[in-house]
Amino acid sequence: MATSMRTIRRRGMILPLMLLVLVLLGMMAASGSFFVHADMSATRSAARRQQTRLAAEAGLEKVKLFLRDNRLDMAAWYDNAEQFHRVILWTDTEQLEEYGSIEEYEDEQRIVYRFSIVADNPDDDEVLVRYGVTDEAGKVNINTAPAEQLVALITPFIDEEDEWTAEQIVDAILDWRDSDIQPRPFGAEAEYYSLLETPYAVKNAEFDTVEELLLVRGMTADLLYGEDVDRNGLLSPNEDDGELIFPDDNQDGLLNRGLYPHLTVYSRDFNTAADNTARVYLFGDPATVTAQLSAVAASPNQADFIVSVAASTPRITSLGQLMDARTAQDGGSQASPITIADMGWVTERISLSPEPDQYGLININSAPPIVLQSLPGLEEEDVLLLLEARAELPQEDRTNLGWVASIVGKEKFTRIAPLLTVRPMRFHVESVGYADHFGTMTRLEAILEMRGPVAQIIYLRDLTNLGTSYPVQYPVGDEELVGYTR
Ligand SMILES: [Ca+2]
Ligand SMILES: [Ca+2]
Ligand SMILES: [Ca+2]
Ligand SMILES: [Ca+2]
């Protein structure tokens, strides 16, 4: 009897046990399905991210191809929505042409992968985004710029309350990049950096990136990036709300862009004339120089004069000095046969450097006003005249520095000529890849070098984590886009 009662009680246990097992199995299945779903959506978003990355890379390829034929035509690459805005890369139909305009196509709500090549537009207060690339030679090179030019560029960004003056910061920049260990009057070498709470070595070599400036005494993220933390040149909401959300901006409705858009370490040019022939190295072997000069000079008299200037000491440091130089031969009495009208061919055909490459020259054809204003000796008036002439003169009249000389005159030209070039070689490209049917976007930043038609990416960085801040979904001129403020 006792045995059978135990059996019944044991049998009575089976049902709850089975139920418990079923509940556990159910929970396992539910959590399994949850994880599968989570994995699937993670995979899907990774796949989308990858697809937009590939779209952005396709944008870079498009720029390479485009610049092969259009490198010297700034009007083609600076702002060209037709080539660079909402370019369709892949769609789920092969009959794209059936749809006519892109807008009609959008009405169909199809899957469309696109890219846009974007840059901010510092010249225009209404249309703030342009679709094109930026010439690195339109920026100030922190490895080669003279102190005076760096001071002129940095000064407008310094507040009275700032701890360091522009002169102090510039001396520290020069100490950082020069190879010696002697601090300049306002500079900083190892003595300063070794006493920091977290000490580090002073580089005593050229900057590899613009960001490296943040290691230099007196240079802060505020100065470098201003309020534009997502680096799109647009006033994003958090950049105009004071201390509410990073960064600490001044809430004045204007975007302080910082120094970053105007600085580079990449600007480079070949030491050749517009027709790709090597320039005459003025201080080379005298017989060779004489032969080469007679081929390019306008008259034998000019060639002879330049050869004799080359032989005299001290050596000239700007080709503009040829307009003033007097030759030693006739006791220094002969006035120069080189006039301001000769500066075009003189600067195109002759070089004071034997090097095949020139670094840090500023492209007078592409530099924005703030960079032109930093050129030593130039006044606001000169900059305005240069900008005016640049807008009016056709490209073929700006293939050498002749037009600049005619505008700024002998003295100023002599000062700035050694710092100038007339053409781009390395470009900053920001390519955003995206799709119309989901919100993911990839922002790629690249420095592209064009050696003639051969393109090479020499720097590549994914900027997506700074924020997907370009209003790429709007057509050019759309109110939503115009409504963006800076
Ligand atoms: Ca040093
Ligand atoms: Ca911004
Ligand atoms: Ca803020
Ligand atoms: Ca502001």
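Each remark here, short or long, concerns the structure printed above.
A short tour of the structure in this document, coming up. (Residues numbered from 1 in each chain as written. Chains lettered and ligands numbered in written order. Predicted model: local features only at pLDDT ≥ 70, side-chain atom pairs only at ≥ 80, totals over all residues.)

1. Some remarks on the overall build of the protein chain
Helix and strand counts for the protein chain come out as 15 helices and 16 strands. Contacts spanning at least 24 positions in sequence make up 64% of the contacts within the protein chain whose residues lie at least 6 apart. (Helix = DSSP H or I, 4+ residues; strand = E, 2+ residues; numbered from the N terminus. Contact = placed C-beta atoms within 7 Å.)

2. Observations regarding the packing of helix α5 (residues 147-154) against helix α6 (residues 166-177)
Taken N-terminus to C-terminus, the directions of α5 and α6 make an angle of 135°; their axes are 9 Å apart at the nearest point. Here α5 is positioned oblique relative to α6, judged by the angle of their axes. The element α5 and its partner α6 pack so that their crossing is right-handed. In this structure, α5 uses A147, L150, V151 and I154 to contact α6, whose residues at the interface are A166, E167, I169, V170, I173 and L174. Across the contact of α5 with α6, the residue classes break down as nine nonpolar, no polar and one charged. (Axes fitted to C-alpha atoms, helices over the stretch in contact; angles between N-to-C directions. Parallel < 35°, antiparallel > 145°, perpendicular 65-115°, else oblique. Left-handed = near helix turned anticlockwise from the far one by under 90°. Nonpolar A, V, L, I, M, F, W, Y, C, P; charged D, E, K, R; others polar.)

3. Some details on the pairing of strand β15 (residues 438-451)
Pairing of strand β14 (residues 426-435) with β15 involves ten bridges; the strand directions are antiparallel. Each residue of the ladder has a partner; that of R426, found in β15, is E449. Hairpin connection from β14 to β15: two residues lie between these consecutive antiparallel strands. The pairing of β15 with strand β16 (residues 454-462) spans eight bridges and is antiparallel. Across the sheet, the residue bridging to L448 is I457, located in β16. Between β15 and β16, which pair antiparallel one after the other, the connecting turn spans two residues, and G452 there sits at a positive phi close to 60°. (Pairing = 2+ DSSP bridges.)

4. Notes on the packing of helix α9 (residues 286-296) against helix α10 (residues 300-311)
Here α9 crosses α10 at 150°, and the two axes come no closer than 9 Å. Considered as vectors, α9 and α10 are oriented roughly antiparallel to each other. Where α9 crosses over α10, the handedness of that crossing is right-handed. Contacts from P286, V289, T290, L293 and S294 of α9 reach α10 at P300, A303, I306, V307, A310 and A311.

5. So, the environment of A58
When you line up the elements, A58 lands in helix α1 (residues 2-70). Between the alpha carbons of A58 and S431 there is a distance of 8.6 Å; along the sequence they are 373 residues apart. In this structure, A58 is in contact with L89 and F115, ignoring residues within four places of it in sequence.

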